[in-house]
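Spelled out from the first residue to the last, the chains are:
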Amino acid sequence: EKHRDNLDSATATNLEKTISSLLDTGVAGLIESDLAASLAMVEPSEYNGYRRFDVDRFENLALYVLESAGPSFKTAINKYLWYIDFGYFREQTRSITGSQYLRFPHGPIPKSYDFLFAGMVEKGSLEVEEVTAKAYSGERYSAKTKANMDLFQGNELKLIDSFIAALRGRSSKQLSDMTHKENAYIVTKDRQPISYRHANDLSFKPAQAKAKKPMVAKG
């Protein structure tokens, strides 16, 4: 896509067909596996919420969002994930999934989410449907397997549920518009990673979203 302008139409079309064929024969799973490993190698920093990327947490959080909110377009899923990760970081100074989020025209998106979702589709945990309508067109996802929420702690689950409940029912456009008003999005340059340090500036704060800080044993 980046170098499409350098190719003639016939070459670009042939490349798309070749790539689609490879993805259909299992390469998507290999890409997802290698990509997850690559993302996990990134040292904890302000751009991944001081947590190495955890593909299991990412995939199961996405599944849980779809279980709770129902089939959703990828734009909406990405906004749920962003608000949940940044909302938890605001309370605990650590993200839930370790995802890096980039600033794109439709709002924040998890880095390489398209390949990660493609891998989930191939594994059978996600189902994708191409929707074409006057109001909105795009890929709508639904969960095909149940999320493993044993991966998350009690305070994480509490915050996840509160954010999903507060965001549920909003359209992809409404969610996108919400993120456009957040300072974290405003101050970040296009296609650059969004620092979790801006989590404290989130204007969207569900009443029950605050996570209880874990108790520290004395002595």
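Below or above, wherever it landed, is the structure these notes cover.

Turning next to the packing of aromatic side chains. Under the counting rule described, the total for this entry stands at 14 aromatic pairs. On the basis of an interplanar angle of 65° and a centroid distance of 6.4 Å, the ring pair of tyrosine 101 and tyrosine 196 is categorised as edge-to-face. Remark: tyrosine 196 occurs in the segment after α7 (183-186) and tyrosine 101 occurs in strand β2 (residues 101-104); sequence separation between them is 95 residues. No difference in accessibility class separates tyrosine 101 from tyrosine 196, as the two residues are buried. Pairwise contacts between aromatic rings join Tyr50, Trp82, Tyr83, Phe86, Phe89, Tyr101, Phe163, Tyr196 and Phe204 into one cluster. The ring of tyrosine 185 carries the charged tip of arginine 103 above its face, separated from the ring centre by 3.9 Å.

A few words on the sheet that holds strand β1 (residues 72-73). Strand order in the open sheet formed by three strands is β1-β5-β4, and the pairing between neighbours is antiparallel. Single-partner strands in this sheet number two, and they are β1 and β4 (126-131). Bridging between β4 and strand β5 (residues 138-143) involves six bridges; their strand directions are antiparallel. Bridge pairing in β5 places leucine 126 opposite alanine 143.

Each value, and the rule that gives it
- Residues numbered from 1 in each chain as written.
- Predicted model: local features only at pLDDT ≥ 70, side-chain atom pairs only at ≥ 80, totals over all residues.
- Heavy atoms only, no water.
- Phe/Tyr/Trp six-rings, centres within 6.5 Å; stacked < 30°, edge-to-face > 60°.
- Helix = DSSP H or I, 4+ residues; strand = E, 2+ residues; numbered from the N terminus.
- Buried < 20%, exposed > 50% of the residue type's maximum accessible area, 1.4 Å probe, protein only.
- Lys NZ or Arg CZ within 6 Å of the ring centre and 35° of its normal.
- Pairing = 2+ DSSP bridges.

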